[in-house]
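# Structure at a glance
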Amino acid sequence: MADRITAGLLLLVTLGFAYQAQHFHSSFFSDPVGARLVPWAIAALLLPLLLSLLWRPQQPELPISSLSSRNLVTELPSSISPDALSDTASETDSETAAPISWRGLLLAISALLGYAWILEPLGFLLSTSLLFSALGLLLAAKLWQTALAGLCFASLLYALFVWGLALYLPTGTLWQRWW
Amino acid sequence: MEVVSSLLDGFQVALQPLNLLLAFLGALLGTIIGMLPGIGPINGIAILMPISFALGLPATSMLILFCGIYYGSQYGNSISTILLNVPGTSSSVATALDGYPMAKQGRAGPALAMSAIASFVGGSLSVVGLMLFAPLLARWAIRFGPAEYFVLMVFTFSMVSALTGTNLRKGLIASLVGLMLASIGIDPGTGIVRYSFGRLELYDGLDFVVVTIGLFAVSEVFMLLEQSRLGQVPMQAMGRVMLSFKELLGSTGVMLRSSLLGFMVGVLPGAGATIASFMAYAFEQRLGDREGSFGHGDIRGVAAPEAANNASVSGALIPLLTLGVPGSGTTAVLLGALMSLNITPGPLFISQNPSLFWGLVASMFIGNLMLLVLNLPLVGLFVRILLIPRWLLIPGIATISYVAVYAVNSSSFDLMLMTAFGVLGYTMRKLHFPVAPVILALVLGPLLETNLRRALSLRNGDWWVLVDSPLSQVLWLLVLASLLLPWWQRRWAARARG
């Protein structure tokens, strides 16, 4: 079902993408291809793929890399899900089998988005400590532990980036009038 | 002889104090990054990229550092695999098959020593391969015109889509969505702004670093948040890191064969370290497993995948440096870093930047030696890092990622965008879409489009230009073959099973 929803949403995105491309036309260039060919080509290739995914979603099947040997599949250690083998080129893997915890995920996303929002007004040190502690709390750390660790880590990063690398980090527009 | 004198010049570059330090730093960070489950070389390089831009590191030094992380991670990944049965990166999954049983039998020490030595053999031999074959391929690659480049990139996409992930359609969809993202910004051919939604920040296109860190590091943080609810895995005792002479001798042939195999697989686009390690393991099992000891703690089952996954690294650098067409996520990130410094790898890259190429080669020899020295006696120290509690590690990764991006661009918009790409990457991984093709497409997209349009312009829009040279015909056949690969592999596996 998830595949069908994804394919449906992507289908809308692709159609919008292709529709937008008709405006990429310039009258004074004699480029035989123009700026809209590639977007249209992408859309033309995507549409049949998405329709096929909509029509027949992926059946659970074994990843290709595990098929390189005849009997590897049965011998894999139990802690490794077959999915851990799949993401070959990215070289980063996790167990996709873990259940999604929507509450934790939404809280983590809000913490990260909130960080972008408070970073400039509150300044680097405070907002980074807050972000660190928020994520630490999501990982079931004790409040004092993660707050202390967050403050230490933020100070360390501040020292490294501002004094070590001579980069700018915000000090907080909110506090400026007191300085 | 030309090779020897070039290599000596390369050592002069690599032995400069800064470059030596960076090779060491890369090797060290790579080992740690490879060892920690979830954090791969892509994340490490992507997070360090804005910092090294800000430091104004010269291109050679930056490449030495990033490649150090890349091959260093192939050393580190076996540590958590052997001790915890949790692979640091997917390329050490094959190592778990015999490494963890060895650890359970109390032979974790020899397994770790074997893995370090096999990594060294694979890493060093493949650098020799890189040094000998890259200049040859570069000379040959001068024949590539825009049309051939275009087809070569199509081939790369079809291979990556076919070999990464669980489903060819999803791989292709991921590649095409990546190409969509790549078309955001001002079109260099006509100056028309595409898909910017009126935001000035998007006129230059999506910032490659922001997308990479979002898709890989931030999505990884979301994944790790979930896994922390699962129990901690017990760690096996390590024992003394020693290897008997007999074990070493018995694995010499295995290491040499696996290095060669790993190197060749590494050159192919889309294949890379994971497939190399599995193929080497399967090959050695069929060749030498007379007593059926593979899978029950045979030390050759550690030597084969570790030699192969390290050897594949230098192999993967060949198409990147000689053709400018990376075949994996990590090499795509390296290309992005080079292009940010206005260096475009291609057939003329080695002859125009000899000190860069030979300096890198020399640093890889030095770095592999450093890694051997680091990994044999100091493995006990590295293992301590695995004991860092997750509530420190994961917020640490997240904050470093965000700070690194903000410190360079000073833009909150970038941070928002990064979170959005984190959510996208997480969703893709949950739905079994491979993420690497997106990064590859983002880097290759502009090159793909430029070459296509250049080829067509040269012939006034005649589409036959894409098929009329023998070279492009061969490449189109390869594209076709790569799209049939999953189907063929399924059939082969079904026959083997039934």
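Above: the structure in question.
So, a few notes on the structure that sits alongside this text. (Residues numbered from 1 in each chain as written. Chains lettered and ligands numbered in written order. Predicted model: local features only at pLDDT ≥ 70, side-chain atom pairs only at ≥ 80, totals over all residues. Heavy atoms only, no water.)

## Some remarks on the overall build of chain A
Within chain A, the regular secondary structure consists of 6 helices and 0 strands. Starting at the N terminus, the α and β elements of chain A follow one another as α-α-α-α-α-α. Out of the 179 residues in chain A, the part that is buried amounts to 47%. Long-range contacts, defined here as pairs at least 24 residues apart, represent 48% of the contacts in chain A between residues at least 6 apart. (Helix = DSSP H or I, 4+ residues; strand = E, 2+ residues; numbered from the N terminus. Buried < 20%, exposed > 50% of the residue type's maximum accessible area, 1.4 Å probe, protein only. Contact = heavy atoms within 4.5 Å.)

## Here's the deal with the overall build of chain B
Counting secondary structure elements, chain B contains 19 helices and 2 strands. Against the globule reference of 23 Å for 498 residues, chain B gives a C-alpha radius of gyration of 22 Å, in line with a compact fold. Every one of the 498 residues in chain B was classed for burial, and the buried ones make up 66%. Restricting to contacts in chain B with at least 6 residues of sequence separation, those with at least 24 account for 81%. Total accessible area on chain B stands at roughly 17,400 Å², and carbon and sulfur atoms take up 68% of it. In chain B, the 26 positive side-chain charges and the 20 negative ones have mean positions that sit 9 Å from each other. (Rg over C-alpha atoms; globule rule 2.2 N^0.38 Å. Areas by Shrake-Rupley, 256 points an atom, 1.4 Å probe, with all protein chains shown as cover. Lys, Arg positive; Asp, Glu negative; His and termini not counted. Charge placed at Lys NZ, Arg CZ, Asp CG, Glu CD.)

## So, unusual backbone geometry
The phi dihedral of Ala166(A) falls on the positive side, at around 55 degrees, and the residue is not glycine. Its location among the elements puts Ala166(A) in the segment after α6 (143-164). Judged by relative accessible area, which is 64%, Ala166(A) ranks as exposed. Of note in this structure, Asn85(B) is not a glycine but carries a positive phi near 65 degrees. With respect to the secondary-structure elements, Asn85(B) resides in the loop between α4 (59-84) and α5 (93-104). Taking relative accessible area as the criterion, Asn85(B) reaches 6% and is therefore assigned buried.

## So, the interface of chain B and chain A
Facing 107 residues of chain B, the contacting portion of chain A comprises 95 residues. Seen at the junction of chain B and chain A, the total is 8 residue pairs in polar contact (both at pLDDT 80 or more). No other element matches the 14 residues that helix α16 (residues 390-409) of chain B contributes to the side of chain B that touches chain A. For the side of chain B that touches chain A, the class distribution of residues is 59 nonpolar, 33 polar and 15 charged. (Polar contact = N/O pair within 3.5 Å; in protein donor to acceptor, adjacent residues only side chain to side chain. Nonpolar A, V, L, I, M, F, W, Y, C, P; charged D, E, K, R; others polar.)

## Topic: the environment of Pro37(B)
Residues and elements named next belong to chain B. Structurally, Pro-37 is set in the loop between α2 (17-35) and α3 (41-55). Considered as a pair, Pro-37 and Val-333 are 296 residues apart in the sequence and their alpha carbons are 20 Å apart. Among residues more than four places away in sequence, those in contact with Pro-37 are Ser-80, Val-86, Pro-87, Gly-88, Leu-224 and Leu-386.

## So, a nonpolar patch on the surface
On the surface, Met1(A), Ile5(A), Leu9(A) and Leu12(A) cluster together into a nonpolar patch covering about 480 Å² of accessible area. Along the chain, Ile5(A) turns up in helix α1 (residues 2-21). (Patch = residues over 30% accessible without salt bridge, like charges linked within 9 Å, V, L, I, M, F, W, Y side chains within 5 Å. Salt bridge = Lys/Arg side-chain N within 4 Å of Asp/Glu carboxyl O.)

## Focus on the side chain of Thr190(B)
Within the fold, Thr190(B) resides in the loop between β1 (185-186) and β2 (193-194). In terms of polar contacts, Thr190(B) uses its side chain to reach the side chain of Asp187(B), at 2.5 Å.

## Some points on α2(B)
All names here are of chain B. Taking 1.5 Å per residue, 19 residues should reach 27 Å; α2 reaches 27 Å between its end C-alpha atoms and fits that length. Three or more residues of α2 are buried, namely Asn-19, Leu-22, Ala-23, Gly-26, Ala-27, Gly-30, Thr-31, Ile-33, Gly-34 and Met-35. In this fold, the buried residues of α2 make contact with α1 (2-14), α3, α4 and α15 (354-385). (Expected span 1.5 Å × (residues − 1).)

## Examining helix α11 (residues 272-288) of chain B
Here α11(B) contains 17 residues, and its C-alpha end-to-end distance of 24 Å stays within 8% of the 24 Å for a straight helix at 1.5 Å per residue. Of all 17 residues making up α11(B), 13 are buried, and the element is well covered by its neighbours.

## Quick notes on the layout of surface pockets
Residue and element names in this part refer to chain B. Taken as a whole, the largest pocket spans an internal volume of roughly 1,300 Å³. Every residue lining the largest pocket is counted, 43 residues in all, and those nearest its centre are Asp-204, Gly-205, Leu-206, Leu-442 and Pro-446. Considering each element in turn, the lining of the largest pocket owes the most residues, 9 residues, to helix α18 (residues 436-458). Residue composition of the lining of the largest pocket, grouped by class: 21 nonpolar, 12 polar and 10 charged. (1 Å grid on protein atoms, 1.4 Å probe; cavity = no way out; pocket = protein on both sides within 12 Å on 5 of 7 lines; lining within 4 Å. Points joined across faces, edges and corners; volume = space filled by probe spheres on them.)

## Some words on the packing of aromatic side chains
Taken as a whole and judged by the stated rule, the model has 12 aromatic pairs over all chains. Seen in terms of ring centroids, Tyr158(A) and Trp163(A) are 6.0 Å apart; in terms of plane orientation they differ by 90 degrees. Their pairing is edge-to-face. With a centroid separation of 5.7 Å and an interplanar angle of 75 degrees, the aromatic rings of Trp140(B) and Phe144(B) are classed as edge-to-face. According to the relative accessible area criterion, Trp140(B) is partly exposed, its value standing at 36%. You can call Phe144(B) buried: its relative accessible area is 10%. (Phe/Tyr/Trp six-rings, centres within 6.5 Å; stacked < 30°, edge-to-face > 60°.)

## Focus: the pattern of salt bridges
Residue and element names in this part refer to chain B. For the structure shown, the criterion picks out 12 salt bridges over all chains. Here Arg-107 and Glu-247 are joined by a salt bridge, their closest N and O atoms 3.9 Å apart. With Arg-107 in the loop between α5 and α6 (108-140) and Glu-247 in helix α10 (residues 245-267), this residue pair connects regions lying 140 residues apart in the sequence. By relative accessible area, which is 22% here, Glu-247 ends up partly exposed. A salt bridge links Glu-220 to Arg-429; the shortest N-O distance between them is 2.8 Å. On the criterion of sequence distance, the pair formed by Glu-220 in helix α9 (residues 208-227) and Arg-429 in helix α17 (residues 412-430) is long-range, its members being 209 residues apart. Look at Glu-220 and you get buried, because its relative accessible area is 2%. You can call Arg-429 buried: its relative accessible area is 5%. Linked by salt bridges that have partners in common, Asp-187, Arg-194, Glu-449 and Arg-453 make up one network.

## Digging into the packing of helix α8 (residues 168-182) of chain B against α18(B)
Residue and element names in this part refer to chain B. For the pair α8 and α18, the least separation of the axes is 7 Å and the interaxial angle reads 50 degrees. As far as their axial angle goes, α18 and α8 are oblique. Considering only the axes of α8 and α18, their crossing is right-handed. On α18, the residues touching Gly-171, Ala-174, Ser-175, Gly-178, Leu-179, Leu-181 and Ala-182 of α8 are Pro-437, Val-438, Ala-441, Leu-442, Gly-445, Pro-446 and Leu-448. The residue makeup of the contact of α8 with α18, split by class, is 10 nonpolar, 4 polar and no charged. (Axes fitted to C-alpha atoms, helices over the stretch in contact; angles between N-to-C directions. Parallel < 35°, antiparallel > 145°, perpendicular 65-115°, else oblique. Left-handed = near helix turned anticlockwise from the far one by under 90°.)

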